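The residues making up each chain are set out below.
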Number of protein chains: 2
Amino acid sequence: MTAEGEELAGWARMLADGTRATVCLALLDGRAWTASELARLAKVSRPTISEHLNQLVSGGLLTEVRQGRHRYVKLAGPDTAELLEGLAALTPRREEVANSLAAVSKRDAFARARTCYDHLAGKLGVALADAMTERGLIDWSDGIALTPEGQAWLEDLGIEVDVRRGRPAIRSCLDVTERRPHLAGAVGAALCRHALRNDWVTHIPGGRALKVSGSVQAFGLPVRVVRELQPGPRET
Amino acid sequence: MTAEGEELAGWARMLADGTRATVCLALLDGRAWTASELARLAKVSRPTISEHLNQLVSGGLLTEVRQGRHRYVKLAGPDTAELLEGLAALTPRREEVANSLAAVSKRDAFARARTCYDHLAGKLGVALADAMTERGLIDWSDGIALTPEGQAWLEDLGIEVDVRRGRPAIRSCLDVTERRPHLAGAVGAALCRHALRNDWVTHIPGGRALKVSGSVQAFGLPVRVVRELQPGPRET
DNA sequence: CCCACAGTTAGGCGAGTGCCGAACGGTCTC
DNA sequence: GAGACCGTTCGGCACTCGCCTAACTGTGGG
């Protein structure tokens, strides 16, 4: 066999296993998944999925983000996704995969709003990050940073950022349910503290979930989002 | 693992072996190769390549044509080739593969013109089929057939087609060196007989190779091709 | 501080598979 | 018909690889 053949085979070998292929197809939704979720989806043990992910990551098909005790993986890039789509087009139906996770975590107070350490997470956290980005308060061009406008906005709201201990002023943190970044760091904590102090959100006893009041709109969130964050009074 | 994953893995598995990948890359030149040639290229034994080809053919990636004691395989279609190109694009350099066979069989009397059973083959045979196709003497729309114009052309040349024994009047036959079809069947045989009888071509002793005279142009071949078929008088 | 939990490492088992040599059938050439 | 040659079938060997259980590390929540 030739060197080129061996190289091509190397790529193919990554997808040549049913479990790894399943993982890649699931990741076609563009989100980041944890190892355990993928293990559950593919119906294999955690050690098994761990090794598969090692292969896919070191092979360059996937990238990973380690966060706390979680290992998030997603497709390396759009070109990778494109290639996979092309291959997957050879086979019929998909769909069901994309729902498996979303179905269980949706419509849940925990998924809507909660604390993550000392900052806001869930739909609320992500929506807040989105809104701030939209209004030019955050600059993502190199990592993540607060813009001068962002600084001014915080001052206007009367939010004081605690800058002790060399903690990064602002950080992005991958949201567990949304799989998109929300805000952490000193700024994230300050926003959360501010919301709690003013009762824009209140802790739901027995967990990290938060009850959201309409006042969070003061953060500049779109009306539609705020409404989604406040389900009927029937729920806890 | 899911059903889709298993399906995708099935396709990938075909390319997940260095030998099979090498075969597929070689076949990217669009030509048909014999099993032995591929075995030599991939540096494996004939039994081994035989099984690999079985897999690739039954998997739908390759198609085969059995002809005499040869088994010709080529890529199933343009879409297959496209997919392979896409995958191969992930890896650098190619080239060397495409030349391995052409290099040795070129510039050879055998490759220029010879008999194949009872009809003409080599560059001459393929060029003849091309020329006849170009002038509307052959219809390829459903298999291969002689057009009314083709019938008339044969009569004009004084060529009698032997239609005994229910032999197909005209057939296409994959050329060993050119890897493109030339003409066989009763018509192919008649053309060859005619050329030999009029000394447009003559047998070179010790093989099937033919020496080509300029008279073959009477078949309506392009001048350029006829010149290529007649190398310097130095050769046998 | 302790428990719960995500993930990893280690070890081992079993299935699949790529490969070859030997023997065989079929086809062409002379 | 003899010999050469292409391809296949068969048996067997060695190795890879996917998987699990058990045990361990590290992180986070209360």
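Everything below is about the structure shown above.
Here the structure is a predicted model, which is why all the values come from computation and not from measurement. Residue numbering note: each chain is counted from 1, following its sequence as written. Going through the entries in the order they are written, you letter the chains from A and number the ligands from 1. Local features in this predicted model are restricted to residues whose pLDDT is 70 or higher, and side-chain atom pairs enter the listing and the counts only when it is 80 or higher, whereas totals over whole chains, interfaces and linings include all residues. Here the side-chain values reflect all heavy atoms present in the structure, with hydrogen atoms and water set aside.

1. Focus: the nonpolar core
Stage number 1. In this structure, A:Leu38, A:Leu62, B:Leu38 and B:Leu62 are the most contacted members of the largest nonpolar core, which totals 58 residues.
Stage number 2. Only DSSP runs of H or I reaching four residues or more are called helices, and only runs of E reaching two or more are called strands; each is numbered from the N terminus. Ranked by residue count, the leading element in this core is helix α2 (residues 18–27) of chain B, at six residues.
Stage number 3. When neighbours within four sequence positions are excluded, A:Leu38 is seen to be in contact with A:Val23, A:Ala26, A:Leu27, A:Trp33, A:Ile49, A:Leu53 and A:Val73. In plain words, nonpolar cores are sets of buried Ala, Val, Leu, Ile, Met, Phe, Trp, Tyr and Cys residues tied together by side-chain atoms within 4.5 Å. A 1.4 Å probe rolled over the protein chains alone gives each residue an accessible area, and that area as a share of the maximum for its type sets the label: buried under 20%, exposed over 50%, partly exposed in between. In what follows, residue pairs with any heavy atoms lying within 4.5 Å of each other are defined as contacts.

2. Focus on the sheet that holds strand β1 (residues 33–34) of chain B
All names here are of chain B.
Stage number 1. Two strands form a pair only when DSSP identifies at least two bridges running between them. Here we have three strands laid out as an open sheet, ordered β1-β3-β2, and antiparallel in their pairing. Looking along the sheet, the strands with just one partner apiece sit at the ends: β1 and β2 (62–67).
Stage number 2. Two elements, β2 and strand β3 (residues 70–75), share six bridges in a ladder whose sense is antiparallel. Within β3, the position partnered with Glu64 by the bridge is Val73.
Stage number 3. The convention used is that axes are lines fitted to C-alpha atoms, helices contributing only their stretch in contact, and that angles between N-to-C directions extend from 0 to 180 degrees. The sheet strands contacting helix α4 (residues 46–58) are β2 and β3, and the helix crosses β3 at an angle near 45 degrees.

3. Regarding unusual backbone geometry
All names here are of chain B.
Stage number 1. One non-glycine residue, Lys43, lies in the positive phi region at around 60 degrees.
Stage number 2. Mapped onto the fold, Lys43 is located in the loop between α3 (35–42) and α4.
Stage number 3. In this model, Asp199 sits at a positive phi of 60 degrees, which is unusual for a non-glycine residue.
Stage number 4. Mapped onto the elements of the fold, Asp199 is located in the loop between α10 (185–197) and β10 (201–203).

4. What about helix α2 (residues 18–26) of chain A?
All names here are of chain A.
Stage number 1. Taken across its nine residues, α2 has nine buried, putting it largely inside the fold.
Stage number 2. When α2 is considered as a whole, its buried residues turn out to be Gly18, Thr19, Arg20, Ala21, Thr22, Val23, Cys24, Leu25 and Ala26.
Stage number 3. Any N or O atom pair separated by 3.5 Å or less is treated as a polar contact, with the protein-specific requirement of one donor-capable and one acceptor-capable atom, and with residues adjacent in sequence counted only for side-chain atom pairs. A side-chain oxygen of the first residue of α2 lies 3.0 Å from the backbone nitrogen of Thr19; this N-cap is Asp17.

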